[in-house]
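Commentary on secondary and tertiary structure
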Amino acid sequence: MNINNQNFKFTADISKEKVHYLDLEISIQHNAVTTKTFFKEVDANNFIHETSCHLQRWKGNIPKGQFLRFKRNCKEADDYETQSMILKNTFIDRGYSEETIEMERVKIKELDRKDILQYKPKKTVPANLCSQMYHSVLCIVLHFLMLRLMGRTVTAVFTSFCFQMTYLLWGYYATATHDYDIKWTMPHCVLTLKLIGLAFDYYDGGKAKSSLTAEQQIYAVKSVPSLLEVCGFSYYYGGFLVGPQFSMCNYQKLVRGEMTDTEGQRPNSIVPAMKRLCLGLCTMVIYTVLQPYLPDNYFLTEEYLNQPFWYRCVYITIWGKVMLYKYVTCWLVTEGVCILSGLGYNGKDEKGHVRWDACANMKVWQFETTPLFTGTIASFNTNTNDWVARYVFKRLRFLGNKFVSQASALFFLAIWHGLHSGYLVCFSLEFLIVIVERRVRWGRNLLTVKGCDQGTASK
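A brief structural summary. (Residues numbered from 1 in each chain as written. Predicted model: local features only at pLDDT ≥ 70, side-chain atom pairs only at ≥ 80, totals over all residues. Heavy atoms only, no water.)

Here's the deal with the overall build of the chain
Filter applied, for reference: Numbering goes from the N terminus for both helices and strands, where a helix is a DSSP run of H or I of at least four residues and a strand is a run of E of at least two. Only protein chains enter the accessibility calculation, which uses a 1.4 Å probe. A residue is then buried if its area is under 20% of the maximum for its type, exposed if over 50%, and partly exposed in between. The Shrake-Rupley method, run with a 1.4 Å probe, gives the accessible areas here. Residue values count only the displayed protein chains as cover. Positive charges come from Lys and Arg, negative ones from Asp and Glu, while His and the chain ends are left out of the count. One atom stands in for each charge, and that atom is NZ of Lys, CZ of Arg, CG of Asp or CD of Glu.
When its secondary structure is counted, the chain shows 18 helices and three strands. Seen through its C-alpha atoms, the chain measures out along the principal axes to roughly 100 × 70 × 45 Å. The 459 residues of the chain split such that 36% are buried. For the chain, the accessible surface area stands at approximately 28800 Å², while carbon and sulfur atoms represent 62% of it. Looking at the chain, you have 52 positive and 40 negative side-chain charges, and the mean spots of the two groups are 8 Å apart.

Following this line, the structure appears as structure tokens:
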């Protein structure tokens, strides 16, 4: 059988101690079956080289997959430690970063082998859709019942606020991992703001006009919305997944055909909608091209820590700007959708030009050119910032302390984003930076005024 011109050779290994099967070495130790990875004599280092032109994300998943295979194969922790070091050196020989490979090796080492060996059936598309719909439908129906049964009362607002936020935070807790997750909680956090805002506006609709501010009068819901209206408002295709936020009043105007620049006709919104779409596609191209060269895990490597301070500052600035483009892309595209349907119509300016910024979530030019942190806040995720200012910050006016109201609003934003500690750190820093920046600007203006006064006096 082994005499052939095909270079085939058949072997048979028979042993009472161990046997090789595929990539496993199965043996008996201490009257128990144990396994580890089997290396053939003809094994060669055929992993894709790190400098190949494959997608960076795809190449980055190769070490993780191989270390997971070794973790499954090795029953004993010592065997994984020994064999994973061999695998680590194999990747280093192919040009992969030693720090990145070691971090992946240790990460897989800390996983529970029993969990890795568990069979995880793939969920079908209908099952995923049903589980997502279940959460949103439940919250919408219960919210509708709260408004109908409790009426235009503070109790209804308080109950809906607590229920919606509790349900969202429970969702974060139940689905959270160490990675950036895109699950049902992503559109649900948008829905949470919509329903809480509806509760406030419905409550304002039952108050005397003289007791409302000019802004509250604009958004107050006078009529009693039906279940169909609440569902349409919640599931509007242009804002269900990532926003933007809009009021029930504007949605009702859209349904009645009032959100148009030409009365009684469809809005002339194709050109402004296409402009936002094209701008969104441009930011998507920038993110897609540059993101593979700016991996997140580079910050955890010794190579980054050994770089000069100026280099680390420049790198993290560029990285942060590029990473934000994925959000900018989503918001610009969805804004284009809202403009196209008419929901983005925002009346006319002083010169009679039509405004299509009712659902704008980005001021792109200001975002790219502002040197101030407050300028970044005023140009990024503006729709959500306006919502928090309207329904949280200004509603806490009774506290009589602007700083407490601002801190409370930022704390709300932090937990609304998620339960990871990074959100609390981020918005705490925003609170401090804004205060410092305002103080510096106030001091600069004061010095400027004093300088002018002295110059006038000398004359």
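Now, onward.
Concerning helix α16 (residues 382-393)
For the record, the criterion: Whether two residues are in contact is decided by their heavy atoms: any pair within 4.5 Å suffices.
Regarding α16, the residues found buried are T382, N383, T384, W387, V388, R390, Y391 and V392. Packed against the buried residues of α16 are α7 (185-204), α8 (214-219), α15 (373-379) and α17 (402-417).

Some words on the packing of helix α11 (residues 270-290) against helix α13 (residues 309-341)
A pair of packed helices can be characterised by two numbers: the angle between their axes and the separation between those axes. To be explicit about the condition: With axes taken as lines fitted to C-alpha atoms, and helix axes fitted only over the stretch in contact, angles between N-to-C directions fall between 0 and 180 degrees. Throughout this description, any angle smaller than 35 degrees is read as roughly parallel, any larger than 145 degrees as roughly antiparallel, any in the 65 to 115 degree range as roughly perpendicular, and the remainder as oblique. By definition, any crossing whose near helix is turned counterclockwise from its far helix by less than a right angle is left-handed, and any crossing with a clockwise turn is right-handed. Under the convention adopted here, Pro, Cys and the residues Ala, Val, Leu, Ile, Met, Phe, Trp and Tyr are nonpolar, Asp, Glu, Lys and Arg are charged, and Gly plus all remaining residues are polar.
Here α11 crosses α13 at 160°, and the two axes come no closer than 8 Å. It follows from the interaxial angle that α11 and α13 lie roughly antiparallel. Where α11 crosses over α13, the two elements pack in a sense that is left-handed. Mapping the contact onto sequence places I270, P272, A273, R276, L277, L279, G280, T283, M284, I286, Y287 and L290 in α11 and V322, M323, Y325, K326, V328, T329, L332, V333, E335, G336, I339 and L340 in α13. In terms of residue class, the contact of α11 with α13 is made up of 17 nonpolar, four polar and three charged.

Regarding the packing of aromatic side chains
Put simply, the rule reads: For Phe, Tyr and Trp, rings pair up if their centres lie within 6.5 Å, where Trp contributes its six-membered ring, and each pair is then called stacked (planes under 30 degrees apart), edge-to-face (over 60) or tilted (otherwise). Whether a charge sits over a ring comes down to the Lys NZ or Arg CZ being within 6 Å of the ring centre and within 35 degrees of the ring normal.
The tally for this structure, following the rule as stated, stands at 29 aromatic pairs. Ring centres of F39 and F70 lie 5.9 Å apart, and the angle between their planes is 65°; this geometry places the pair in the edge-to-face category. Note that F39 is positioned in the loop between β3 (32-37) and α1 (56-73) and F70 in helix α1, a separation of 31 residues in sequence. Seen from their ring centres, F67 and F91 are 6.3 Å apart, and the 40° between their planes marks the pair as tilted. Highlighted residues: F67 in helix α1 and F91 in helix α2 (residues 77-93), separated in sequence by 24 residues. The exposure classification of F67 matches that of F91, with both residues buried. An aromatic cluster of three or more residues is present, and its members are Y298, F299, Y304, W310, Y311, Y315 and W319. Seen from the ring of Y202, R152 lies directly overhead, with NZ or CZ sitting 4.1 Å from the centre. The ring centre of F367 lies 4.1 Å from the NZ or CZ of K321, which sits over that ring.

Here's the deal with the packing of helix α6 (residues 154-175) against α7
The geometry of α6 relative to α7 is characterised by a closest axis approach of 9 Å and an angle of 175° between their N-to-C directions. As summarised for this structure, α6 and α7 are arranged roughly antiparallel, according to the angle between their axes. Contact residues: V154, V157, S160, F161, Q164, M165, Y167, L168, G171, Y172 and T175 in α6; T185, H188, C189, T192, L195, I196, A199, F200 and Y203 in α7.

Some remarks on the side chain of S84
For clarity, the cut-off: Counted as a polar contact is a pair of N or O atoms within 3.5 Å, where, for protein atoms, one must be capable of donating a hydrogen and the other of accepting one, and residues adjacent in sequence contribute only when both atoms are in side chains.
Considering the arrangement of structural elements, one finds S84 in helix α2. The buried category is assigned to S84, whose relative accessible area is 0%. A polar side-chain atom of S84 sits 3.0 Å from a polar atom in the side chain of R105.

Observations concerning the sheet that holds β3
Note the threshold: For two strands to be treated as a pair, DSSP must find at least two bridges joining them.
One open sheet accounts for three strands, arranged β1-β2-β3; its pairing is antiparallel. Each having just a single partner strand, β1 (18-21) and β3 make up the two edges of the open sheet. When strand polarity is set aside, the average angle formed by the axes of neighbouring strands in this sheet is 25°. Bridge count for strand β2 (residues 24-29) against β3 is six bridges, and the pairing is antiparallel. By the bridge assignment for β3, Q29 is matched with A32. Each of β2 and β3 is contacted by α1, which is oriented at about 160° to β3, the strand it contacts most.

Thoughts on a positive patch on the surface
Put simply, the test is: Each patch is assembled from residues with relative accessible area greater than 30% and no salt bridge, linking like charges that lie within 9 Å and nonpolar side chains (Val, Leu, Ile, Met, Phe, Trp, Tyr) that lie within 5 Å. Just to be clear on terms, a salt bridge is a Lys or Arg side-chain nitrogen sitting within 4 Å of an Asp or Glu carboxyl oxygen.
Together, K402, R438, R441 and R444 give the surface a local cluster of positive charge. Inspection of the secondary structure puts R444 in helix α18 (residues 421-458).

Looking at the pattern of salt bridges
Evaluation of the coordinates by the stated rule reveals 14 salt bridges. For R105, the salt bridge is made with E102, and the minimal N-O distance between the two is 3.1 Å. Pair noted here: R105 and E102 are both in helix α3 (residues 98-109), with a separation of three residues, about one helical turn. Taking relative accessible area as the criterion, E102 reaches 23% and is therefore assigned partly exposed.

Side note on the environment of G375
Tracing the chain through its elements places G375 in helix α15. Residue G375 is classed as buried on the basis of its relative accessible area of 8%. Along the primary structure G375 and M274 are separated by 101 residues, whereas in three dimensions their C-alpha atoms are 26 Å apart. Not counting residues up to four positions away in its chain, the partners in contact with G375 are Q366 and T370.

Concerning the environment of V154
Counting through the fold element by element, V154 comes out in helix α6. Along the backbone, V154 and D204 are 50 residues apart, and their C-alpha atoms lie at a distance of 10.0 Å.

Some details on the nonpolar core
One broad rule of soluble globular proteins: the nonpolar side chains tend to lie buried together. The condition that has to hold: Residues belong to a common nonpolar core when they are buried Ala, Val, Leu, Ile, Met, Phe, Trp, Tyr or Cys residues joined through side-chain atoms within 4.5 Å.
The biggest cluster of nonpolar side chains holds 28 residues, and the ones touching the most others in it are L198, V230, F233, Y236, F246, M248 and L343. Of all the elements in the fold, those that place two or more residues in this core are α5 (125-150), α7, α9 (227-234), α10 (248-256) and α13. Counting residues per element, this core draws most heavily on α7, at five residues. Excluding residues within four positions of it along the chain, M248 makes contact with L198, V221, P225, E229, V230 and F233.

Re α6
Threshold: Multiplying 1.5 Å by the helix residue count minus one yields the expected span of that helix. What the arc measures is the spread of directions leading from the helix axis to the C-beta atoms.
With 22 residues, α6 should reach 32 Å at 1.5 Å per residue; the first-to-last C-alpha distance of 32 Å fits that figure. By the burial criterion, the buried members of α6 are A156, V157, S160, Q164, M165, Y167, L168, G171, Y172 and T175. Viewed end-on, α6 has its buried residues packed into an arc of 155°, placing them on one side of the element. Along α6, the residues that are exposed and aim more than 90 degrees away from the buried face are V154, F158, T166 and Y173.

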